[in-house]
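# Architecture at a glance
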Amino acid sequence: MMKYSDLVKIYEQLESTTKRLEKINCLSDFLRNLDKKELEKIILLVQGKIFPDWNETKIGVSSQLVIKALKVATGKREKDIINEWKNTGDLGEAAASLVNKKSQFTLISKDLTVDKVFTNLRKLPTLEGMGSVDSKIKLIAELLSYSKLNETKYIIRTILEELRVGLGEGTVRDSIGWAFFNIAEYNKKENKVEMKKDREYYNHVLDTIQEAYDMSNDFSVVIKKAKEGLDSLKKVDLSVGTPIKVMLAQKVDSIKEGFSRVEKPAALEYKYDGFRMQIHKNKEGAIMIFTRRLENVTNQFPEVVGYVKEHIKEKNFVIDSEAVGYDPSTKKYLPFQNISKRIKRKYNIEKMSKKYPVELNIFDVLYLNGKNLIKRPFKERRKILDKILKNPEKYIIKAAEQIITDSEKKSKEFYENAVDRGMEGIMMKNLTSHYKPGKRVGHMVKLKSSKDPLDFVITGAEWGTGKRGKWLSSFLVSVLDKEKNEYLEIGKVGTGIKELEEQGLTFRKLTSLLNPLIIEEKGKTVKVKPEIVISVVYEEIQKSPSYSSGFALRFPRVISLREDKDPSEVHTLGEINKLYEEQ
Ligand code: AMP
């Protein structure tokens, strides 16, 4: 059984370098020699995970709970723990130093195993209801009391889901390739790869791994197949009922630019301002709805399940679609924020579906009756879709409004028509391209009307004063700097939230979402883990030295909470720069 300290050595090595190739080299050496039984756990743990991406289960432990566990494990006062946290700026480091100080007195010399850590962590999310907090504290404290030095640090970071050893998906993929296919030798001196065979084979191996990952969304499946060989890897297919990552669009600013990216003729479709739904039907006839973040929202949209059941009678399939809200009395399409409150709803679901009805607009089919279709040309997939969708009905279920054209004039009319009817704009799609899970592709682009809201991630907040003292009431928002892969602040917002109560968004709600994400607290201000995405409208973008992005917003106003969006999908610094230039 592998000792946890052996894994910690790998964490340390990965963290000690920023060189991607060095990371791949280190990780692949480690993976190559693992026992088959260990592969699954290890590949998850090196990514700081205990569940694969498609699994919605989150560890769900807040900093506050970790502090309580530290209290139990070390006998220290809460105040001292928080102080240590402030000193180090990292709860993992703080824990390591506290646990270590303690262990001078109570030497427990039992070695912690990878198995033990994994098992305890996996138990955490299964605990619910009365007494569960205490049980969680016990599980964490037990690990802490056996852990030494950096073991403590990495356990805490794993629990808080912020391992931060700089291991992206691409790095994991390449490491698996290097580990099992003997394709590369690392030249440390020059920090470059030497191909064992040729570049073509090298790419072929990595592409095959990537495709297996796209289908399974799970490196623990991929690594086991990789150990068996390329043929096994090639057999990894999507499994109906397990969501795959959705394909995303790049942005263009004009029809001309759009055509230059997707070629002529192209398919143009309405861009519905709704809610992405990847819908699966399995052999047993069960229908499941997943969001773009792979969350299962089947229970929240029972009427959509009914529509799909009734209008697509095929045995099994996966379709991609957008549910758009409309006003039941005027039949006008409504922007996303009107249906956003349905996403996480647990009660009164029937009532909500009547009050905030949606129309399902299907724009793709990825799998049908046992056959994967993602490598069929888009045009063909759409044809299949039109064939399997019986009796489309407006305000119920239909295929996305589409034209195929090479005329810029026709496209312009189509665009104007879309905007008139309350759409966000249009999508332009290349007719022959494949469906690429999880990619923001250039063969499907979006053209939106100009003063669209911006999506930001909340990275900080301030506690309110007076009546609002219990609530976070001003929110620091950030954009993504793609090059540095970090979030940069662009301003503070609080305005607008009062008006969103009807939508289910309140200061209380935001506070309860952000509270478990707090990673640092100084006076009235807190820093939070970048998780929560909100849409903001504004008057103007200005240059400003006050925020790390170098920009600020004039009159920003929150218009909705985007629980369906991942923080990696917020607007980028590049996009802000472009918008600024265009003003
Ligand atoms: P954005 O959220 O701005 O990145 O735009 C991409 C999103 O537009 C997709 O994730 C879909 O949820 C949505 N969308 C609306 N209509 C369509 C359509 N006809 N084809 C593809 N995506 C669409």
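Residues numbered from 1 in each chain as written. Predicted model: local features only at pLDDT ≥ 70, side-chain atom pairs only at ≥ 80, totals over all residues. Heavy atoms only, no water.

## Describing the overall build of the chain
When helices and strands are counted, the chain shows 21 helices and 22 strands. Over its C-alpha atoms the chain spans a radius of gyration of 25 Å, differing by no more than 12% from the 25 Å that the globule rule assigns to 583 residues. C-alpha atoms of the chain, sized along the principal axes, occupy 75 × 70 × 50 Å. Taking all 583 residues of the chain together, 54% fall into the buried category. Partitioning the intrachain contacts of the chain with sequence separation of at least 6 by distance along the chain shows that 70% fall at a separation of at least 24. Here the chain displays about 27100 Å² of accessible surface, and carbon together with sulfur accounts for 49% of that area. Within the chain, the 85 negative side-chain charges are centred at a point lying 2 Å from the centre of the 106 positive side-chain charges. (Helix = DSSP H or I, 4+ residues; strand = E, 2+ residues; numbered from the N terminus. Rg over C-alpha atoms; globule rule 2.2 N^0.38 Å. Buried < 20%, exposed > 50% of the residue type's maximum accessible area, 1.4 Å probe, protein only. Contact = heavy atoms within 4.5 Å. Areas by Shrake-Rupley, 256 points an atom, 1.4 Å probe, with all protein chains shown as cover. Lys, Arg positive; Asp, Glu negative; His and termini not counted. Charge placed at Lys NZ, Arg CZ, Asp CG, Glu CD.)

## Quick word on the pattern of salt bridges
Scanning the entire structure with this criterion turns up 55 salt bridges. Across the pair Glu401 and Lys398 runs a salt bridge, and its minimum N-O distance is 3.8 Å. Judged by its relative accessible area of 32%, Glu401 falls in the partly exposed class. We classify Lys398 as buried; its relative accessible area is 9%. Ionic contacts of the salt-bridge type, sharing partners, join the residues Glu15, Asp90, Glu93, Lys153, Arg157, Glu162 and Arg164 into one network. (Salt bridge = Lys/Arg side-chain N within 4 Å of Asp/Glu carboxyl O.)

## Observations regarding empty space enclosed by the protein
A full pass over the atoms with the stated rule returns two cavities of 30 Å³ or more. As a volume, the largest cavity reaches approximately 40 Å³. Together, Met247, Asp364, Phe378, Arg381, Lys429, Asn430, Ser433, His434, His443 and Met444 line the largest cavity. Put simply, the parts of the chain that give the lining of the largest cavity at least two residues each are helix 18 (378-388) and strand 13 (440-448). In terms of residue class, the lining of the largest cavity is made up of three nonpolar, four polar and three charged. Space inside the second largest cavity adds up to approximately 40 Å³. Leu44, Gln47, Lys49, Pro52, Asp53, Tyr213, Asn217, Asp218 and Phe219 are the residues that line the second largest cavity. Here the residues of the lining of the second largest cavity sort into four nonpolar, two polar and three charged. (1 Å grid on protein atoms, 1.4 Å probe; cavity = no way out; pocket = protein on both sides within 12 Å on 5 of 7 lines; lining within 4 Å. Points joined across faces, edges and corners; volume = space filled by probe spheres on them. Nonpolar A, V, L, I, M, F, W, Y, C, P; charged D, E, K, R; others polar.)

## Quick notes on the domain arrangement of the chain
As far as domains go, the chain holds domain 1 (248-448) and domain 2 (454-582). Centre-to-centre separation of domain 1 and domain 2, based on C-alpha positions: 28 Å. With 17 residues of domain 1 at the contact, the number on the domain 2 side is 16 residues. Ranking the residues of domain 1 by area buried against domain 2 places Arg292, Arg293 and Gln337 at the top, with a combined share of 37%. Counting across the domain 1 and domain 2 interface gives four salt bridges. Note that Asp566 and Arg293 form a salt bridge whose closest N and O atoms lie 3.5 Å from each other. (Domains from an automatic or database assignment. Buried area = accessible area lost by both parts, 1.4 Å probe.)

## Some words on helix 2 (residues 20-32)
With 13 residues, helix 2 extends 18 Å from end C-alpha to end C-alpha; this agrees with the ideal 18 Å at 1.5 Å per step. Of all the positions in helix 2, only Leu21, Lys23, Ile24, Cys26, Leu27, Ser28, Phe30 and Leu31 are classed as buried. Against the buried residues of helix 2 lie helix 1 (4-16), helix 3 (36-46), helix 10 (169-181), strand 1 (184-187), strand 2 (192-195) and helix 12 (219-228). (Expected span 1.5 Å × (residues − 1).)

## With respect to the environment of Ser568
Inspection of the secondary structure puts Ser568 in the loop between strand 22 (557-561) and helix 21 (573-582). Taking C-alpha positions, Ser568 is 29 Å from Thr119, a pair spaced 449 residues apart along the chain. The residues contacting Ser568, other than those within four sequence positions of it, are Leu480 and Tyr487. At 2.7 Å, the side chain of Ser568 forms a polar contact with the side chain of Asp566. (Polar contact = N/O pair within 3.5 Å; in protein donor to acceptor, adjacent residues only side chain to side chain.)

## Structural notes on the packing of helix 8 (residues 132-146) against helix 9 (residues 149-159)
Interaxial distance between helix 8 and helix 9 falls to 9 Å at its minimum, and their mutual angle equals 160 degrees. Comparing their axes, helix 9 and helix 8 come out roughly antiparallel. Note on packing geometry: the crossing formed by helix 8 with helix 9 is right-handed. Each of Ile140, Leu143, Leu144 and Tyr146 in helix 8 lies in contact with helix 9, whose residues at this interface are Glu151, Thr152, Ile155, Ile156 and Ile159. Of the residues that constitute the contact of helix 8 with helix 9, the class distribution is seven nonpolar, one polar and one charged. (Axes fitted to C-alpha atoms, helices over the stretch in contact; angles between N-to-C directions. Parallel < 35°, antiparallel > 145°, perpendicular 65-115°, else oblique. Left-handed = near helix turned anticlockwise from the far one by under 90°.)

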